[in-house]
Structure formats: C-alpha cells, structure tokens
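Here are the chains, one letter per residue:
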Amino acid sequence: QHITAGAYSHFNVFQDKCYWSSQPSYYRGEYSLSTKAGRYDFSLGDGIYYFEDTDFLFKGKTLNNRWLRLVAESEIRRIGDISIIFCSDNYILDVNQKYLQHDYFTDIITFDYCEGDRLSGDLFISVDSVRENALEYGTDFKDELNRVIVHGILHLIGYDDHSDEDIAQMRSKENYYLSLRELI
C-alpha cells in the first residue's frame, strides 16, 4: 500500500486507515478546535494550520497566507489547498517512515497534490528540528520557520534540492522570498 500522507488535504484518517474524500477534510473558517487526534487552527483563504504532538502556537496566519500567495503569484502559480502541519520530531519521523520509508528526522516533508498551476499539498514541519536548526545556524526561530515554510512551497512549485546546483537555486529563492516577507 503506497499512499502519500494526504491526511490533511484529501484523506480523512481514522485509526491508521485513510478514507478518500473529494472535499478537504476540514471546513475553512475562522476558529480553532481540539480533538484527541490533534489541534487545528483554521484561517480563511489559502492555508489550514494543524498541530500534531506539539504545544507550538503559530501566530500571524493571515500575514503568512498573504506572503505565500505572493510567492505563488511571483512564480506564476495559484494557491490551492495547502495544509501546514506543525508537529514534533517523533511525529515527522513516523510520517517519514510510514509514507517515504525513510528512517531519519527532518525539518519538513512536503506531499505534492498540485494540478497545473494550482499549488496544493501538505507541509509537515517539525517544530523541534526547526528550533535545533535555528540554534545550529545562529538564526532566529521565526526566521528559520519561515525559511522552512517557503522551502516547502518552493517544492510544490517544482524546485528541487538534490544537486549542489539545485540547492543553490533553492537557497537563492528562499532568501529572495524571505526578503519580500519583510515588506508585507
């Protein structure tokens, strides 16, 4: 069975079983709710924010959505259904093992559901790894978090980071879009 995570944009997950849905799993409105499975914060528009196995609170969702829309439009793309799932190292390790057969920690996993110029996908972000990276690179946690978010969006756009040339291009794009965020 090879199914991408999709537990947020197009699949409903219940007891490790995925059920296909033609609609996003959750209503897009202005509220928060908590369940046994996790905590979900919704904002109008372009992104739904989820919290799994973490007490982290993400502030500035409206600003973030405007920034991600700017990134997409600058790359001649449109924002579709994007879920940003903030989680722990253990949670992202489980996703990495279960869906990608990788047995290591990472700061972000991006599942791509894009169609044409419409960006859709799930961005799983380990808050623990982002915090560690910020300390290691001597940067502010918020700046590192924004870098990881835009990194995931750039993957949805089609940028890769496997070769040295790809990595250099990805870093250049990240830096450019981080500088634009400050102007919003």
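Attention here is on the structure that accompanies the text.

So, how was this worked out
- Residues numbered from 1 in each chain as written.
- Predicted model: local features only at pLDDT ≥ 70, side-chain atom pairs only at ≥ 80, totals over all residues.
- Heavy atoms only, no water.
- Helix = DSSP H or I, 4+ residues; strand = E, 2+ residues; numbered from the N terminus.
- Buried < 20%, exposed > 50% of the residue type's maximum accessible area, 1.4 Å probe, protein only.
- Contact = heavy atoms within 4.5 Å.
- Axes fitted to C-alpha atoms, helices over the stretch in contact; angles between N-to-C directions.
- Left-handed = near helix turned anticlockwise from the far one by under 90°.
- Polar contact = N/O pair within 3.5 Å; in protein donor to acceptor, adjacent residues only side chain to side chain.
- Pairing = 2+ DSSP bridges.

1. Notes on the overall build of the protein
Regarding its fold elements, the protein presents five helices and eight strands. Counting helices and strands in the order they occur from the N terminus, the protein gives β-β-β-β-β-α-β-α-β-β-α-α-α. For the protein, the residues scored as buried account for 48% of the 184 residues in total. Taking as baseline every contact in the protein between residues at least 6 positions apart, the subset at least 24 positions apart corresponds to 54%.

2. A few points about the packing of helix 1 (residues 61-74) against helix 4 (residues 141-157)
One way to put it is that helix 1 packs onto helix 4 with a least axis distance of 11 Å and a crossing angle of 40°. Seen along the crossing, helix 1 lies across helix 4 with a hand that is right-handed. Residue-level inspection shows Asn64, Trp67, Leu68 and Val71 of helix 1 in contact with helix 4, the latter providing Asn146, Ile149, Val150, Ile153 and Ile157.

3. Considerations on the side chain of aspartate 122
Inspection of the secondary structure puts aspartate 122 in strand 8 (residues 118-126). Accessibility expressed as a relative area gives 0% for aspartate 122, which makes it buried. Side chain to side chain, aspartate 122 and tyrosine 113 meet in a polar contact 3.3 Å long.

4. Side note on unusual backbone geometry
Not every positive phi belongs to a glycine, and isoleucine 76 is a case in point at roughly 55°. In this structure, glutamine 101 is a non-glycine residue whose phi angle is positive, near 55°.

5. Some details on the environment of glycine 121
The topology assignment puts glycine 121 in strand 8. The spacing of glycine 121 and histidine 155 is 34 residues in sequence and 9.9 Å in space, taken between C-alpha atoms.

6. Details of the pairing of strand 8
With eight of nine residues buried, strand 8 is to be regarded as a mostly interior element. Across eight bridges, strand 6 (residues 78-87) lies against strand 8 in parallel orientation. Bridging across to strand 8, isoleucine 85 finds its partner in phenylalanine 124. Sheet topology places strand 7 (residues 108-112) next to strand 8; five bridges connect them, and they run antiparallel. In the strand pairing of strand 8, isoleucine 109 is matched with phenylalanine 124. Counted between consecutive antiparallel strands, the loop separating strand 7 from strand 8 contains five residues, among which glycine 116 sits at a positive phi close to 60°.

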